[in-house]
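# Observations on the model geometry
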Amino acid sequence: MRLTVIGTGYLGATHAACMAELGHEVLGVDVEPDRIAALRSGRLPFYEPGLDELVAKHVASGRLRFTTSYQEAAAFADVHFCCVGTPQRADGDGADLRYVDAVVETLAPFLERPAIVVGKSTVPVGTAARLSARLAELAPAGAAARIAWNPEFLREGYAVEDTLRPDRLVFGIDPAAPGTEAVLREVYATPLAEGVPVVVTDFPTAELVKTAANAFLATKISFINAMAEVCEATDADVTELSRALSFDTRIGGRFLNAGVGFGGGCLPKDIRAFRARAEELGAGRALAFLGEVDAINLRRRDRVVALAEELCGGEVTGRRVAVWGAAFKPESDDIRDSPALDVAARLRRRGAQVSVHDPRALDNARKRYPELDYATGALAAAQGADLVVHLTEWAEYRTLDPHAVAEVVSAPRLIDGRNALDAPSWRAAGWTVRPLGRP
Ligand code: UDX
């Protein structure tokens, strides 16, 4: 099939390359000429394991092309995936829909043949119905220009795998346009043939699946972090608690790792936008608990800062602190709402001299937080440090030799903000180790 993918960020670039891998002819569309120029030469503007190879492979095969022209997009295909961002609004908790709206406003006037605009962006419930009316109003094809909603659940770091072999597919279909289901089934023929389950539903349910899934995951993380707070008050061990809970198959062990909490471009802003939308709909009480989920999450960052002060004898002013990790999670260079950088910046504001290391995210971090120092290696960051704070659980930090690190620091003190380092071996090498939610 011929498809366009509008928006070539983390979601769109992955979707475009994976659709080409599934055998389709794909045109990626973006308003940023520099981004398009880079993609045309097979270069990605961000890090995602395996994606650069896939983009290069299909740019070379000719199945993946890029443009900045919506007119070209409308002429090329009749199925258009909308993959632009929906960040948090600058003036509140709701989602900023300007980019999604711009896709419809810009594309619609070129839609002269029957076409489907398939939304993948995470949007407040009710958006698809609104866009559907707007599309029919603006498109020369009128009501033959349809909306479908097909939320995306990919995780950064596993984006290619999650897109080629998703847990499930969700198709939100307008009952007045039942033919759109067959088109989506054709797009996803390969995963469907491999047995990926599909839920075909209406617009609002499809929109809600995505926000509900992210709200559940965020709640699960904040639940275990709330348990960590209680463990800290009683000298219990949250990692053993979590392990014991995980054997109950109704609970399961995934997303039950206590630490400095969730960040990234999705969970934090999605729970805020979900709650804001529920309030608009008069259902605010139903999601009031998400305010608590957010608060628990942010308190973990306060806890790391307080521990840092405690370990440095009351305050961090004038102390050298090494921060390991800048990305919001490993295998990503994404620093959006990164707990690691938020903690690093707070320590800096309290007068510490902070040296940050990350295997992938240093360029992004440097642009966002120029006031921090950056080191190209974990050991270099730790040079002369009064305290080391481990905040993003990259595998390379687990292979560091605690004795070797002890030799370069000025005091062997460690906060493990992800409960991922082997505390006994660090202690055996002379370190004072403070994990989160553990004695
Ligand atoms: C998330 C959802 O998982 C995905 O389905 C959705 O499409 C987009 O949002 P992503 O933001 O890539 O994906 O990251 P995810 O792997 O979910 O991690 C989110 C955050 O939670 C990270 O900061 C991670 O460090 C943190 N986390 C995760 C924990 O603190 N503990 C856990 O047990 C799991």
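Not measured: the values here are computed from a predicted model. (Residues numbered from 1 in each chain as written. Predicted model: local features only at pLDDT ≥ 70, side-chain atom pairs only at ≥ 80, totals over all residues. Heavy atoms only, no water.)

Right, let's get into the packing of aromatic side chains. The relation between two aromatic rings is expressed through the spacing of the ring centres and the mutual angle of the planes. Within this structure, the stated rule accounts for six aromatic pairs. Ring plane angle 35 degrees and centroid distance 4.3 Å describe the contact between Tyr10 and Phe46, whose orientation is recorded as tilted. Taken together, the positions of Tyr10 in helix 1 (residues 10–21) and Phe46 in the loop between helix 2 (33–40) and helix 3 (51–61) put the pair 36 residues apart, joining distant regions of the chain. Each member of the pair, Tyr10 as well as Phe46, carries the same accessibility label: buried. Both rings, one in Phe81 and one in Tyr188, keep their centres 6.5 Å apart while their planes meet at 75 degrees; by these two values the pair is edge-to-face. Of the two residues, Phe81 sits in strand 4 (residues 79–82) while Tyr188 sits in the loop between helix 8 (179–187) and helix 9 (189–193), which places them 107 residues apart along the sequence. Residue Phe81 shares its accessibility class with Tyr188, and that shared class is buried. Linked through ring pairs, Trp324, Tyr397, Trp426 and Trp431 together constitute an aromatic cluster. Taking the ring centre of Tyr158 as reference, the NZ or CZ of Arg155 above it sits at 4.3 Å. Sitting over the ring of Tyr369, Arg368 keeps its end group 4.5 Å from the ring centre. (Phe/Tyr/Trp six-rings, centres within 6.5 Å; stacked < 30°, edge-to-face > 60°. Helix = DSSP H or I, 4+ residues; strand = E, 2+ residues; numbered from the N terminus. Buried < 20%, exposed > 50% of the residue type's maximum accessible area, 1.4 Å probe, protein only. Lys NZ or Arg CZ within 6 Å of the ring centre and 35° of its normal.)

Now for helix 12 (residues 267–280). Since the α-helix advances by 3.6 residues per turn, residues separated by three or four positions end up pointing in the same direction. When the terminal C-alpha atoms of helix 12 are compared, their 20 Å separation across 14 residues agrees well with the 20 Å that a helix rising 1.5 Å per residue should span. When you tally the buried positions in helix 12, you get 10 out of 14 residues, the bulk of the element. When helix 12 is considered as a whole, its buried residues turn out to be Leu267, Pro268, Lys269, Asp270, Ile271, Arg272, Ala273, Phe274, Ala276 and Ala278. In this structure, the buried residues of helix 12 make contact with helix 10 (203–234) and helix 13 (289–311). (Expected span 1.5 Å × (residues − 1). Contact = heavy atoms within 4.5 Å.)

All of the buried residues in helix 5 (residues 98–107) are Val100, Val103, Val104 and Leu107. Projected down its long axis, helix 5 shows its buried positions confined to an angular sector of 90 degrees, all on one face. If you follow the buried residues of helix 5, they end up packed against strand 1 (2–6), helix 4 (70–76), strand 4, strand 5 (115–119) and helix 6 (127–138). (Arc of directions from axis to C-beta.)

It is worth spelling out the sheet that holds strand 10 (residues 353–357) at this point. With parallel pairing, the six strands of this open sheet are ordered in space as 11-10-9-12-13-14. Each edge of the sheet is formed by a strand with only one pairing partner; in this case those strands are strand 11 (373–374) and strand 14 (432–435). With four bridges joining them, strand 13 (residues 413–416) and strand 14 adopt parallel strand pairing. By the bridge assignment for strand 14, Asp416 is matched with Pro435. Where helix 14 (residues 339–349) meets the sheet, its contacts fall on strand 9 (320–324), strand 10 and strand 11, and the angle it forms with strand 10 comes to roughly 160 degrees. (Pairing = 2+ DSSP bridges. Axes fitted to C-alpha atoms, helices over the stretch in contact; angles between N-to-C directions.)

Our next topic: the site of the ligand. If you check the shell around the ligand, you find 20 residues, and the closest are Phe153, Leu154, Glu156, Asn257 and Lys329. In this structure, Gly263 approaches the ligand through a main-chain N or O atom, which is 3.0 Å from an oxygen atom. In the model, an oxygen atom of the ligand is placed 3.0 Å from a nitrogen or oxygen of the Phe328 main chain. Contact with the protein chains removes 92% of the 670 Å² of surface that the ligand exposes when unbound. It is helix 10 that contributes the most residues to the shell around the ligand, four residues altogether. Across the shell around the ligand, the residue classes break down as 10 nonpolar, four polar and six charged. (Near = heavy atom within 4 Å. Polar contact = N/O pair within 3.5 Å; in protein donor to acceptor, adjacent residues only side chain to side chain. Areas by Shrake-Rupley, 256 points an atom, 1.4 Å probe, with all protein chains shown as cover. Nonpolar A, V, L, I, M, F, W, Y, C, P; charged D, E, K, R; others polar.)

Moving on: unusual backbone geometry. In this structure, Asp235 takes a positive phi of about 60 degrees despite not being glycine. Of note, Asp235 is situated in the loop between helix 10 and helix 11 (238–246). The phi dihedral of Glu331 is positive, around 65 degrees, even though this residue is not glycine. When you line up the elements, Glu331 lands in the loop between strand 9 and helix 14.

With that settled, consider the side chain of Thr14. By secondary structure assignment, the location of Thr14 is in helix 1. In contact with Thr14, other than residues within four places in its own chain, are Gly9, Leu51, Leu154, Ala159, Val160 and Thr163.

This part covers the pairing of strand 4. Residue alternation in strand 4 divides its side chains into two sets, Val79 and Phe81 and His80 and Cys82, and both sets are buried. As paired elements, strand 1 and strand 4 share three bridges and run parallel to each other. The residue bridging Thr4 from the neighbouring strand is His80, located in strand 4. Examined bridge by bridge, strand 4 and strand 5 share four bridges and lie parallel to one another. By the bridge assignment, Val79 is partnered in strand 5 with Ile116. Handedness of the crossover joining strand 4 and strand 5 through helix 5 is recorded here as right-handed. (Right-handed = clockwise from strand over helix to strand, strands pointing away.)

Here helix 5 crosses helix 6 at 25 degrees, and the two axes come no closer than 9 Å. When the interaxial angle is binned, helix 5 and helix 6 end up roughly parallel. Remark: the crossing between helix 5 and helix 6 carries right-handed chirality. Taking contact as the criterion, the partners of Val100, Asp101, Val104 and Glu105 in helix 5 are, on helix 6, Arg130, Leu131, Arg134, Leu135 and Leu138. Considered class by class, the residues forming the contact of helix 5 with helix 6 number five nonpolar, no polar and four charged. (Parallel < 35°, antiparallel > 145°, perpendicular 65-115°, else oblique. Left-handed = near helix turned anticlockwise from the far one by under 90°.)

Further remarks concern the domain arrangement of the protein chain. By a widespread convention, an interface's size corresponds to the accessible area lost as its parts come together. On domain assignment, one finds that the protein chain holds domain 1 (2–201), domain 2 (210–294) and domain 3 (303–435). Of the residues lining the interface, seven residues belong to domain 1; the matching set on domain 3 comes to eight residues. Interface area for domain 1 against domain 3, summed over the two sides, is near 700 Å², with a carbon-plus-sulfur share of 43%. Three residues stand out in domain 1 for area buried against domain 3, namely Tyr10, Tyr47 and Glu156, and they jointly supply 80% of the buried area on that side. Counting across the interface, domain 1 meets domain 3 through one salt bridge. Where Glu156 meets Arg336, a salt bridge forms, and the shortest distance between an N and an O atom there is 3.2 Å. Our enumeration of links across domain 1 and domain 3 arrives at six residue pairs in polar contact (both at pLDDT 80 or more). A class-by-class count of the residues in the side of domain 1 that touches domain 3 yields four nonpolar, one polar and two charged. (Domains from an automatic or database assignment. Buried area = accessible area lost by both parts, 1.4 Å probe. Salt bridge = Lys/Arg side-chain N within 4 Å of Asp/Glu carboxyl O.)

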